[in-house]
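Tertiary structure, described
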Amino acid sequence: MNIVILNGNPDPKQKDPDRYINALGADLSAKGHSFQSFQLRDMEIRQCSGCWSCWIKTPGLCAQRDDMPLIYKAVMAADLVIFSSPVIMGFMSALLKRANERFIPLIHPYIALVEGECHHRGRYDRYPGIGILLHRGPDTDDEDIAIITDTYRRVAINFRTALRCAFTTDRPISEVSHAIADL
Amino acid sequence: MRLLICNGSPRGKGSNTALLLKHFTDGFSAYSENSFETAYLMRTKEHAAIAEKARRAQAVIIAFPLYADSMPGIVKEFIETLGAPPPKGRAKKQREFPPMGFIVQSGFPEAVHSRCVERYLEKLARRLNARYIGTVIKGGVEGIQDRPAYFNRRLFMAFRSLGRHFGVTKEFHPITMKKLAGLERFSAVSKFFFRLLATAGLFDSGWNKILKQNGAYERRFDRPYQP
(Lines give C-alpha, C1' and ligand atoms only; values in the text may rest on other atoms or scores of the structure.)
Protein backbone atom coordinates (compact mmCIF):
# COMPACT_ATOMS: atom_id res chain seq x y z
CA MET A 1 0.00 0.00 0.00
CA ASN A 2 1.11 3.54 -0.80
CA ILE A 3 0.60 5.73 2.29
CA VAL A 4 0.99 9.50 2.47
CA ILE A 5 0.87 11.35 5.78
CA LEU A 6 0.43 15.10 6.13
CA ASN A 7 2.07 16.13 9.39
CA GLY A 8 0.29 19.27 10.58
CA ASN A 9 2.31 19.74 13.77
CA PRO A 10 3.13 23.47 13.65
CA ASP A 11 5.56 23.46 16.59
CA PRO A 12 9.10 22.06 16.08
CA LYS A 13 9.55 22.12 19.88
CA GLN A 14 6.73 19.60 20.25
CA LYS A 15 8.68 16.44 19.44
CA ASP A 16 6.20 13.67 20.35
CA PRO A 17 3.86 13.80 17.32
CA ASP A 18 6.83 13.86 14.91
CA ARG A 19 8.52 10.94 16.70
CA TYR A 20 5.29 8.95 16.54
CA ILE A 21 4.89 9.55 12.80
CA ASN A 22 8.53 8.63 12.10
CA ALA A 23 8.22 5.40 14.08
CA LEU A 24 4.91 4.57 12.38
CA GLY A 25 6.54 5.16 8.99
CA ALA A 26 9.46 2.90 9.87
CA ASP A 27 7.07 0.18 11.03
CA LEU A 28 4.94 0.37 7.86
CA SER A 29 8.02 0.45 5.61
CA ALA A 30 9.32 -2.65 7.38
CA LYS A 31 6.01 -4.32 6.51
CA GLY A 32 6.71 -3.53 2.84
CA HIS A 33 4.46 -0.49 2.44
CA SER A 34 5.52 2.70 0.76
CA PHE A 35 5.38 5.61 3.21
CA GLN A 36 5.84 9.31 2.50
CA SER A 37 5.52 12.03 5.12
CA PHE A 38 5.15 15.76 4.48
CA GLN A 39 6.29 18.12 7.24
CA LEU A 40 3.82 20.91 6.47
CA ARG A 41 5.45 23.54 8.71
CA ASP A 42 8.60 23.39 6.58
CA MET A 43 6.64 23.87 3.35
CA GLU A 44 5.13 26.96 1.82
CA ILE A 45 1.37 26.43 1.90
CA ARG A 46 -0.81 29.46 1.34
CA GLN A 47 -4.41 29.97 2.35
CA CYS A 48 -6.93 29.10 -0.40
CA SER A 49 -8.10 32.50 -1.59
CA GLY A 50 -11.47 31.22 -2.84
CA CYS A 51 -10.67 32.47 -6.37
CA TRP A 52 -11.85 29.23 -8.01
CA SER A 53 -9.26 29.42 -10.78
CA CYS A 54 -8.84 25.67 -10.29
CA TRP A 55 -12.49 25.19 -11.32
CA ILE A 56 -13.18 27.90 -13.87
CA LYS A 57 -9.90 29.13 -15.40
CA THR A 58 -7.24 26.41 -15.26
CA PRO A 59 -9.28 23.26 -14.46
CA GLY A 60 -7.46 21.09 -11.95
CA LEU A 61 -4.61 23.55 -11.34
CA CYS A 62 -4.35 25.98 -8.41
CA ALA A 63 -3.43 29.59 -9.15
CA GLN A 64 -1.12 29.83 -6.12
CA ARG A 65 2.58 29.20 -6.63
CA ASP A 66 3.77 27.30 -3.58
CA ASP A 67 4.62 23.73 -2.50
CA MET A 68 1.13 22.19 -2.83
CA PRO A 69 1.79 20.50 -6.21
CA LEU A 70 4.20 18.13 -4.40
CA ILE A 71 1.32 17.08 -2.18
CA TYR A 72 -1.18 16.86 -5.07
CA LYS A 73 1.07 14.42 -6.95
CA ALA A 74 1.71 12.25 -3.90
CA VAL A 75 -1.96 12.24 -2.82
CA MET A 76 -3.30 11.21 -6.23
CA ALA A 77 -0.81 8.33 -6.36
CA ALA A 78 -1.59 7.17 -2.80
CA ASP A 79 -3.94 4.48 -1.48
CA LEU A 80 -4.32 6.18 1.89
CA VAL A 81 -3.79 9.80 2.96
CA ILE A 82 -3.50 10.38 6.70
CA PHE A 83 -4.21 13.86 8.04
CA SER A 84 -2.22 14.16 11.23
CA SER A 85 -2.22 16.99 13.74
CA PRO A 86 -1.99 17.81 17.41
CA VAL A 87 -5.45 18.80 18.63
CA ILE A 88 -5.27 22.57 19.17
CA MET A 89 -8.32 24.40 20.51
CA GLY A 90 -10.36 21.28 19.81
CA PHE A 91 -9.48 20.90 16.16
CA MET A 92 -6.79 20.14 13.59
CA SER A 93 -4.05 22.78 13.47
CA ALA A 94 -4.57 25.83 11.25
CA LEU A 95 -1.54 24.59 9.31
CA LEU A 96 -3.20 21.28 8.46
CA LYS A 97 -6.54 22.96 7.80
CA ARG A 98 -4.89 25.30 5.30
CA ALA A 99 -3.40 22.37 3.36
CA ASN A 100 -6.71 20.49 3.53
CA GLU A 101 -8.65 23.31 1.87
CA ARG A 102 -6.21 23.38 -0.98
CA PHE A 103 -7.52 19.95 -2.11
CA ILE A 104 -10.34 21.53 -4.15
CA PRO A 105 -8.42 21.46 -7.48
CA LEU A 106 -8.61 17.66 -7.16
CA ILE A 107 -12.40 17.67 -7.37
CA HIS A 108 -14.83 19.09 -9.92
CA PRO A 109 -17.18 22.08 -9.53
CA TYR A 110 -20.20 20.15 -10.81
CA ILE A 111 -22.58 19.01 -8.10
CA ALA A 112 -23.98 15.50 -7.72
CA LEU A 113 -26.22 13.78 -5.16
CA VAL A 114 -24.08 11.60 -2.90
CA GLU A 115 -25.75 9.76 -0.02
CA GLY A 116 -28.76 12.01 -0.66
CA GLU A 117 -26.75 15.23 -0.23
CA CYS A 118 -25.20 17.73 -2.62
CA HIS A 119 -21.49 17.14 -3.08
CA HIS A 120 -18.95 17.97 -5.74
CA ARG A 121 -18.28 15.51 -8.51
CA GLY A 122 -14.92 13.80 -8.72
CA ARG A 123 -12.31 15.03 -11.19
CA TYR A 124 -10.34 11.77 -11.09
CA ASP A 125 -11.64 8.20 -11.36
CA ARG A 126 -9.99 7.07 -8.19
CA TYR A 127 -9.20 8.74 -4.86
CA PRO A 128 -7.14 7.51 -1.93
CA GLY A 129 -8.88 6.57 1.32
CA ILE A 130 -8.58 9.07 4.15
CA GLY A 131 -7.35 8.54 7.68
CA ILE A 132 -6.79 10.82 10.66
CA LEU A 133 -4.13 10.60 13.34
CA LEU A 134 -4.64 12.97 16.28
CA HIS A 135 -2.29 13.91 19.07
CA ARG A 136 -4.26 14.93 22.17
CA GLY A 137 -3.42 18.24 23.80
CA PRO A 138 -3.74 18.92 27.56
CA ASP A 139 -7.32 20.20 27.07
CA THR A 140 -8.49 17.61 24.51
CA ASP A 141 -11.51 15.51 25.45
CA ASP A 142 -13.49 12.77 23.70
CA GLU A 143 -16.03 15.28 22.43
CA ASP A 144 -13.24 17.08 20.52
CA ILE A 145 -12.08 13.79 18.99
CA ALA A 146 -15.69 12.95 17.99
CA ILE A 147 -16.21 16.38 16.36
CA ILE A 148 -12.98 16.08 14.35
CA THR A 149 -13.76 12.50 13.32
CA ASP A 150 -17.29 13.40 12.20
CA THR A 151 -15.93 16.41 10.29
CA TYR A 152 -13.38 14.27 8.47
CA ARG A 153 -16.05 11.71 7.64
CA ARG A 154 -17.68 14.55 5.71
CA VAL A 155 -14.38 15.77 4.26
CA ALA A 156 -13.96 12.25 2.88
CA ILE A 157 -17.40 12.30 1.23
CA ASN A 158 -16.52 15.61 -0.44
CA PHE A 159 -13.26 14.06 -1.59
CA ARG A 160 -15.32 11.23 -3.11
CA THR A 161 -13.80 8.64 -0.82
CA ALA A 162 -14.29 7.35 2.73
CA LEU A 163 -12.73 7.82 6.16
CA ARG A 164 -10.94 4.48 6.49
CA CYS A 165 -9.33 4.93 9.91
CA ALA A 166 -9.13 7.34 12.87
CA PHE A 167 -6.43 7.03 15.54
CA THR A 168 -4.98 8.96 18.42
CA THR A 169 -1.30 8.75 19.27
CA ASP A 170 -2.03 7.26 22.71
CA ARG A 171 -2.48 3.94 20.93
CA PRO A 172 0.67 1.83 20.57
CA ILE A 173 2.43 2.33 17.23
CA SER A 174 2.48 -1.39 16.45
CA GLU A 175 -1.30 -1.58 16.89
CA VAL A 176 -1.93 1.44 14.59
CA SER A 177 0.54 0.15 12.01
CA HIS A 178 -1.16 -3.24 12.08
CA ALA A 179 -4.61 -1.70 11.64
CA ILE A 180 -3.40 0.40 8.68
CA ALA A 181 -1.73 -2.59 7.04
CA ASP A 182 -5.01 -4.54 7.40
CA LEU A 183 -7.07 -1.93 5.51
CA MET B 1 -23.83 47.61 22.53
CA ARG B 2 -20.29 47.61 21.14
CA LEU B 3 -20.04 44.69 18.72
CA LEU B 4 -16.92 43.29 17.09
CA ILE B 5 -17.55 41.47 13.83
CA CYS B 6 -14.82 39.16 12.55
CA ASN B 7 -15.15 38.47 8.84
CA GLY B 8 -13.41 35.12 8.31
CA SER B 9 -13.68 34.97 4.53
CA PRO B 10 -10.42 34.64 2.57
CA ARG B 11 -12.17 36.83 -0.02
CA GLY B 12 -12.36 39.69 2.51
CA LYS B 13 -14.32 42.82 1.65
CA GLY B 14 -15.71 41.50 -1.63
CA SER B 15 -16.95 38.25 -0.08
CA ASN B 16 -20.49 36.90 0.17
CA THR B 17 -19.88 36.86 3.93
CA ALA B 18 -19.26 40.64 3.82
CA LEU B 19 -22.47 41.17 1.84
CA LEU B 20 -24.57 39.21 4.36
CA LEU B 21 -22.86 41.06 7.23
CA LYS B 22 -23.65 44.41 5.61
CA HIS B 23 -27.36 43.66 5.88
CA PHE B 24 -26.95 42.30 9.39
CA THR B 25 -25.19 45.48 10.54
CA ASP B 26 -27.76 47.68 8.76
CA GLY B 27 -30.36 46.09 11.03
CA PHE B 28 -28.09 46.19 14.07
CA SER B 29 -27.41 49.92 13.60
CA ALA B 30 -31.12 50.79 13.66
CA TYR B 31 -30.50 51.65 17.33
CA SER B 32 -28.27 54.67 17.65
CA GLU B 33 -26.62 53.43 20.87
CA ASN B 34 -25.26 50.40 19.00
CA SER B 35 -21.85 50.55 17.38
CA PHE B 36 -19.77 47.96 15.59
CA GLU B 37 -16.34 47.42 14.10
CA THR B 38 -15.45 44.87 11.43
CA ALA B 39 -12.12 43.02 11.52
CA TYR B 40 -10.88 40.99 8.55
CA LEU B 41 -9.29 37.71 9.60
CA MET B 42 -7.51 37.38 6.24
CA ARG B 43 -5.11 39.94 7.77
CA THR B 44 -3.44 37.27 9.86
CA LYS B 45 -0.75 39.62 11.18
CA GLU B 46 -3.48 41.58 12.99
CA HIS B 47 -4.88 38.53 14.83
CA ALA B 48 -3.38 39.40 18.24
CA ALA B 49 -4.78 42.93 18.05
CA ILE B 50 -8.19 41.62 16.90
CA ALA B 51 -8.22 39.12 19.79
CA GLU B 52 -7.58 41.99 22.21
CA LYS B 53 -10.46 43.94 20.64
CA ALA B 54 -12.65 40.85 21.04
CA ARG B 55 -11.96 40.82 24.79
CA ARG B 56 -12.96 44.48 25.05
CA ALA B 57 -16.16 44.26 22.96
CA GLN B 58 -19.59 43.61 24.48
CA ALA B 59 -20.34 40.89 21.91
CA VAL B 60 -18.37 39.16 19.16
CA ILE B 61 -19.67 37.63 15.93
CA ILE B 62 -17.37 35.48 13.83
CA ALA B 63 -18.71 34.92 10.30
CA PHE B 64 -17.16 32.73 7.63
CA PRO B 65 -17.78 30.55 4.57
CA LEU B 66 -17.68 26.77 5.03
CA TYR B 67 -14.30 25.53 3.76
CA ALA B 68 -13.73 21.78 3.52
CA ASP B 69 -16.64 21.11 5.91
CA SER B 70 -15.33 23.48 8.54
CA MET B 71 -13.81 26.92 9.23
CA PRO B 72 -11.23 28.40 6.80
CA GLY B 73 -7.58 28.04 7.88
CA ILE B 74 -7.34 31.76 8.70
CA VAL B 75 -10.30 31.42 11.09
CA LYS B 76 -8.64 28.44 12.80
CA GLU B 77 -5.47 30.49 13.08
CA PHE B 78 -7.45 33.26 14.77
CA ILE B 79 -9.08 30.73 17.13
CA GLU B 80 -5.58 29.57 18.10
CA THR B 81 -4.73 33.20 18.91
CA LEU B 82 -7.89 33.50 21.04
CA GLY B 83 -6.75 30.49 23.05
CA ALA B 84 -3.12 31.59 23.39
CA PRO B 85 -1.80 32.54 26.85
CA PRO B 86 -1.18 36.27 27.47
CA PRO B 87 2.08 37.58 26.01
CA LYS B 88 5.07 37.70 28.39
CA GLY B 89 5.21 40.73 30.61
CA ARG B 90 1.39 41.06 30.62
CA ALA B 91 -0.73 40.29 33.62
CA LYS B 92 -1.55 36.57 33.96
CA LYS B 93 -5.22 37.31 34.33
CA GLN B 94 -6.75 38.26 31.00
CA ARG B 95 -10.10 39.93 30.46
CA GLU B 96 -12.94 37.42 29.93
CA PHE B 97 -14.49 37.05 26.48
CA PRO B 98 -17.92 38.59 25.89
CA PRO B 99 -20.81 36.52 24.44
CA MET B 100 -19.95 34.97 21.06
CA GLY B 101 -22.11 34.22 18.06
CA PHE B 102 -21.27 32.73 14.69
CA ILE B 103 -22.55 32.94 11.12
CA VAL B 104 -21.64 30.11 8.75
CA GLN B 105 -22.57 30.39 5.08
CA SER B 106 -21.98 27.80 2.40
CA GLY B 107 -22.56 27.08 -1.25
CA PHE B 108 -24.39 23.82 -0.60
CA PRO B 109 -28.16 24.26 -0.34
CA GLU B 110 -28.69 22.03 2.72
CA ALA B 111 -27.95 22.99 6.33
CA VAL B 112 -26.62 19.51 7.17
CA HIS B 113 -23.18 20.42 5.76
CA SER B 114 -22.66 23.01 8.49
CA ARG B 115 -23.80 20.94 11.50
CA CYS B 116 -20.33 19.58 12.38
CA VAL B 117 -18.80 23.04 12.53
CA GLU B 118 -21.81 24.21 14.54
CA ARG B 119 -20.95 21.55 17.16
CA TYR B 120 -17.35 22.77 17.09
CA LEU B 121 -18.35 26.42 17.58
CA GLU B 122 -20.65 25.66 20.49
CA LYS B 123 -17.77 23.80 22.13
CA LEU B 124 -15.38 26.65 21.29
CA ALA B 125 -17.49 29.18 23.20
CA ARG B 126 -17.52 26.81 26.19
CA ARG B 127 -13.75 26.39 25.89
CA LEU B 128 -13.25 30.16 25.90
CA ASN B 129 -15.68 30.51 28.80
CA ALA B 130 -17.85 32.81 26.70
CA ARG B 131 -21.63 32.73 26.52
CA TYR B 132 -22.65 30.98 23.28
CA ILE B 133 -25.17 33.09 21.39
CA GLY B 134 -25.68 30.56 18.61
CA THR B 135 -24.67 29.72 15.07
CA VAL B 136 -26.64 31.08 12.14
CA ILE B 137 -26.42 28.65 9.22
CA LYS B 138 -27.20 29.75 5.69
CA GLY B 139 -26.68 27.54 2.66
CA GLY B 140 -27.02 28.25 -1.04
CA VAL B 141 -25.06 31.50 -0.78
CA GLU B 142 -22.53 31.01 -3.59
CA GLY B 143 -23.33 33.12 -6.63
CA ILE B 144 -25.63 35.56 -4.80
CA GLN B 145 -23.64 38.51 -6.14
CA ASP B 146 -24.45 37.45 -9.71
CA ARG B 147 -28.17 37.14 -9.08
CA PRO B 148 -30.79 39.78 -9.88
CA ALA B 149 -31.67 41.92 -6.83
CA TYR B 150 -35.20 40.52 -6.41
CA PHE B 151 -33.72 37.05 -5.89
CA ASN B 152 -31.85 38.18 -2.78
CA ARG B 153 -34.52 40.48 -1.38
CA ARG B 154 -35.85 38.03 1.21
CA LEU B 155 -32.37 36.81 2.14
CA PHE B 156 -31.15 40.33 2.86
CA MET B 157 -34.38 41.19 4.67
CA ALA B 158 -33.86 38.17 6.93
CA PHE B 159 -30.29 39.29 7.75
CA ARG B 160 -31.46 42.84 8.52
CA SER B 161 -34.15 41.45 10.77
CA LEU B 162 -31.58 39.17 12.45
CA GLY B 163 -29.33 42.19 13.05
CA ARG B 164 -32.16 44.38 14.36
CA HIS B 165 -33.22 41.74 16.88
CA PHE B 166 -29.60 41.11 17.88
CA GLY B 167 -29.12 44.85 18.40
CA VAL B 168 -31.74 44.85 21.15
CA THR B 169 -31.45 41.40 22.72
CA LYS B 170 -27.88 40.21 21.99
CA GLU B 171 -29.57 37.02 20.73
CA PHE B 172 -30.20 35.50 17.31
CA HIS B 173 -33.96 35.21 16.81
CA PRO B 174 -34.70 31.47 16.70
CA ILE B 175 -37.41 31.77 14.03
CA THR B 176 -35.17 33.84 11.71
CA MET B 177 -32.35 31.34 12.29
CA LYS B 178 -34.64 28.48 11.35
CA LYS B 179 -35.84 30.31 8.25
CA LEU B 180 -32.27 31.00 7.15
CA ALA B 181 -31.09 27.42 7.77
CA GLY B 182 -33.95 26.25 5.55
CA LEU B 183 -33.77 22.73 4.29
CA GLU B 184 -31.83 20.33 6.54
CA ARG B 185 -31.58 17.57 3.92
CA PHE B 186 -33.35 16.86 0.67
CA SER B 187 -36.67 15.05 0.97
CA ALA B 188 -37.48 12.16 -1.36
CA VAL B 189 -39.44 14.58 -3.54
CA SER B 190 -36.63 17.12 -3.79
CA LYS B 191 -34.15 14.32 -4.59
CA PHE B 192 -36.42 13.28 -7.45
CA PHE B 193 -36.54 16.84 -8.82
CA PHE B 194 -32.82 17.30 -8.27
CA ARG B 195 -32.11 14.22 -10.41
CA LEU B 196 -34.53 15.44 -13.06
CA LEU B 197 -32.92 18.88 -13.25
CA ALA B 198 -29.41 17.41 -13.04
CA THR B 199 -30.15 15.13 -15.98
CA ALA B 200 -31.27 18.20 -17.92
CA GLY B 201 -27.83 19.70 -17.14
CA LEU B 202 -29.38 22.62 -15.29
CA PHE B 203 -26.86 22.64 -12.41
CA ASP B 204 -23.82 22.40 -14.66
CA SER B 205 -24.97 25.20 -16.94
CA GLY B 206 -23.88 28.00 -14.59
CA TRP B 207 -20.38 26.53 -14.37
CA ASN B 208 -20.28 25.89 -18.11
CA LYS B 209 -21.13 29.50 -18.84
CA ILE B 210 -18.18 30.78 -16.77
CA LEU B 211 -15.86 28.06 -18.12
CA LYS B 212 -16.73 29.13 -21.68
CA GLN B 213 -16.22 32.81 -20.85
CA ASN B 214 -12.75 31.89 -19.59
CA GLY B 215 -11.97 29.74 -22.63
CA ALA B 216 -11.53 26.77 -20.26
CA TYR B 217 -14.63 24.75 -21.17
CA GLU B 218 -12.78 22.17 -23.28
CA ARG B 219 -10.30 21.61 -20.44
CA ARG B 220 -12.93 21.29 -17.72
CA PHE B 221 -12.25 17.59 -17.12
CA ASP B 222 -8.44 17.96 -17.08
CA ARG B 223 -6.54 15.70 -14.67
CA PRO B 224 -3.12 17.29 -14.29
CA TYR B 225 -2.17 15.06 -11.34
CA GLN B 226 -3.24 11.74 -12.83
CA PRO B 227 -0.47 9.34 -11.73
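Residues numbered from 1 in each chain as written. Chains lettered and ligands numbered in written order. Predicted model: local features only at pLDDT ≥ 70, side-chain atom pairs only at ≥ 80, totals over all residues. Heavy atoms only, no water.

Quick word on the overall build of chain B
Secondary structure summary: chain B contains eight helices and five strands in total. In sequence order, the secondary structure elements of chain B are arranged as β-α-β-α-β-α-β-α-β-α-α-α-α. Structurally, chain B occupies a C-alpha span of about 60 × 45 × 30 Å along its principal axes. Within chain B, the proportion of its 227 residues that are buried is 48%. Partitioning the contacts of chain B with sequence separation of at least 6, the portion at a separation of at least 24 is 77%. Element-wise, carbon and sulfur atoms account for 55% of the exposed surface of chain B, whose accessible area totals about 11300 Å². One way to put it: in chain B the 38 positive side-chain charges average out to a point 3 Å from where the 19 negative ones average out. (Helix = DSSP H or I, 4+ residues; strand = E, 2+ residues; numbered from the N terminus. Buried < 20%, exposed > 50% of the residue type's maximum accessible area, 1.4 Å probe, protein only. Contact = heavy atoms within 4.5 Å. Areas by Shrake-Rupley, 256 points an atom, 1.4 Å probe, with all protein chains shown as cover. Lys, Arg positive; Asp, Glu negative; His and termini not counted. Charge placed at Lys NZ, Arg CZ, Asp CG, Glu CD.)

Points about the packing of helix α2 (residues 47-56) of chain B against helix α3 (residues 73-82) of chain B
All names here are of chain B. Running from N to C, α2 and α3 point in directions that differ by 60°, and their axes come no closer than 9 Å. Taken together, the axis directions place α2 and α3 in an arrangement best described as oblique. In this structure, α2 meets α3 at a crossing whose hand is right-handed. Facing α2, whose interface residues are His47, Ala48, Ile50, Ala51 and Arg55, α3 presents Ile74, Glu77, Phe78, Thr81 and Leu82. A class-by-class count of the residues in the contact of α2 with α3 yields six nonpolar, two polar and two charged. (Axes fitted to C-alpha atoms, helices over the stretch in contact; angles between N-to-C directions. Parallel < 35°, antiparallel > 145°, perpendicular 65-115°, else oblique. Left-handed = near helix turned anticlockwise from the far one by under 90°. Nonpolar A, V, L, I, M, F, W, Y, C, P; charged D, E, K, R; others polar.)

Description of the interface of chain A and chain B
Listed by partner, the interface residues are 56 residues for chain A and 50 residues for chain B. Counting the contacts that link chain A with chain B gives 11 salt bridges. For Lys123(B), the salt bridge is made with Asp141(A), and the minimal N-O distance between the two is 2.7 Å. Run the count over chain A and chain B and you get 32 residue pairs in polar contact (both at pLDDT 80 or more). When contributions to the side of chain A that touches chain B are tallied by element, the ones reaching two or more residues are α2 (53-56), α3 (68-77), α4 (94-101), β4 (107-114), β5 (117-122) and α5 (142-158) of chain A. Element by element, the count of residues in the side of chain A that touches chain B is highest for α5(A), at nine residues. For the side of chain A that touches chain B, a count of residues per class yields 26 nonpolar, 14 polar and 16 charged. (Salt bridge = Lys/Arg side-chain N within 4 Å of Asp/Glu carboxyl O. Polar contact = N/O pair within 3.5 Å; in protein donor to acceptor, adjacent residues only side chain to side chain.)

Brief notes about helix α5 (residues 149-169) of chain B
Residues and elements named next belong to chain B. The end-to-end C-alpha separation of α5 is 30 Å, in line with the 30 Å expected for 21 residues at 1.5 Å each. Where α5 bends most, at leucine 155, the angle is about 30°. If you check which residues of α5 are buried, you get Asn152, Leu155, Phe156, Ala158, Phe159, Leu162, Gly163, Phe166 and Gly167. Immediately beyond the C-terminal end of α5, within one or two residues, lies lysine 170, with a positive phi of roughly 60°. (Expected span 1.5 Å × (residues − 1). Bend = angle between axes of the 7 residues up to and from the residue.)

Let's talk about the sheet that holds strand β1 (residues 2-7) of chain B
Residues and elements named next belong to chain B. Spatial strand order, β2-β1-β3-β4-β5: five strands in an open sheet with parallel pairing. At either margin of the open sheet sits one strand with a lone partner, and together these are β2 (35-40) and β5 (132-138). Adjacent strand axes in the sheet meet at a mean angle of 15°, parallel and antiparallel pairs treated alike. One ladder, built from six bridges, connects strand β4 (residues 100-105) with β5; its direction is parallel. Counted as the bridge partner of phenylalanine 102 is threonine 135 from β5. Docked against the sheet, α5 engages β1, β3 (59-65), β4 and β5, running at close to 175° with respect to β5. (Pairing = 2+ DSSP bridges.)

Observations regarding the packing of α5(A) against helix α4 (residues 115-127) of chain B
Geometrically, a packed helix pair is captured by the angle between its two axes and the distance between the axes. Running from N to C, α5(A) and α4(B) cross one another at 155°; their axes reach a closest spacing of 9 Å. One finds that α5(A) runs roughly antiparallel with respect to α4(B). Crossing hand, α5(A) versus α4(B): left-handed. For the pair α5(A) and α4(B), the contacting residues are Glu143(A), Asp144(A), Ala146(A), Ile147(A), Asp150(A), Thr151(A) and Arg154(A) in the first and Cys116(B), Arg119(B), Tyr120(B), Lys123(B), Arg126(B) and Arg127(B) in the second. Taken together, the residues that form the contact of α5(A) with α4(B) break down as four nonpolar, one polar and eight charged.

Considering the sheet that holds strand β3 (residues 80-86) of chain A
Residues and elements named next belong to chain A. Pairing in this open sheet of five strands is parallel, and the strands run β2-β1-β3-β6-β7 from one edge to the other. Lying at the two open borders of the sheet, with one neighbouring strand each, are β2 (34-39) and β7 (163-168). Strand-to-strand twist of the sheet, defined as the mean angle between neighbouring strand axes without regard to direction, takes the value 15°. Of the strand pairs in this sheet, β3 and strand β6 (residues 129-135) are connected by seven bridges, and their pairing is parallel. When the sheet's bridge partners are listed, leucine 80 is paired in β6 with glycine 129. Running at roughly 155° to β2, α3 makes contact with β1 (2-7), β2 and β3 of the sheet. Strands β1, β3 and β7 of the sheet are contacted by helix α6 (residues 173-181), whose axis makes an angle of about 180° with β7.

Topic: the environment of Lys170(B)
Residue and element names in this part refer to chain B. The residue lysine 170 is located in the loop between α5 and α6 (174-181) in this model. The sequence separation of lysine 170 and leucine 82 amounts to 88 residues, and the corresponding C-alpha distance is 21 Å. When sequence neighbours within four positions are dropped, the list of residues in contact with lysine 170 reads Met1, Gln58, Ala59, Pro99, Arg131, Ile133 and His165.

Description of unusual backbone geometry
All names here are of chain A. Although it is not a glycine, tryptophan 52 sits at a positive phi angle of roughly 65°. Inspection of the secondary structure puts tryptophan 52 in the loop between β2 and α2. Although it is not a glycine, methionine 89 sits at a positive phi angle of roughly 50°. Structurally, methionine 89 can be placed in the loop between β3 and α4. When its relative accessible area of 9% is taken as the criterion, methionine 89 is described as buried.

Geometric values such as these leave the question of function open.
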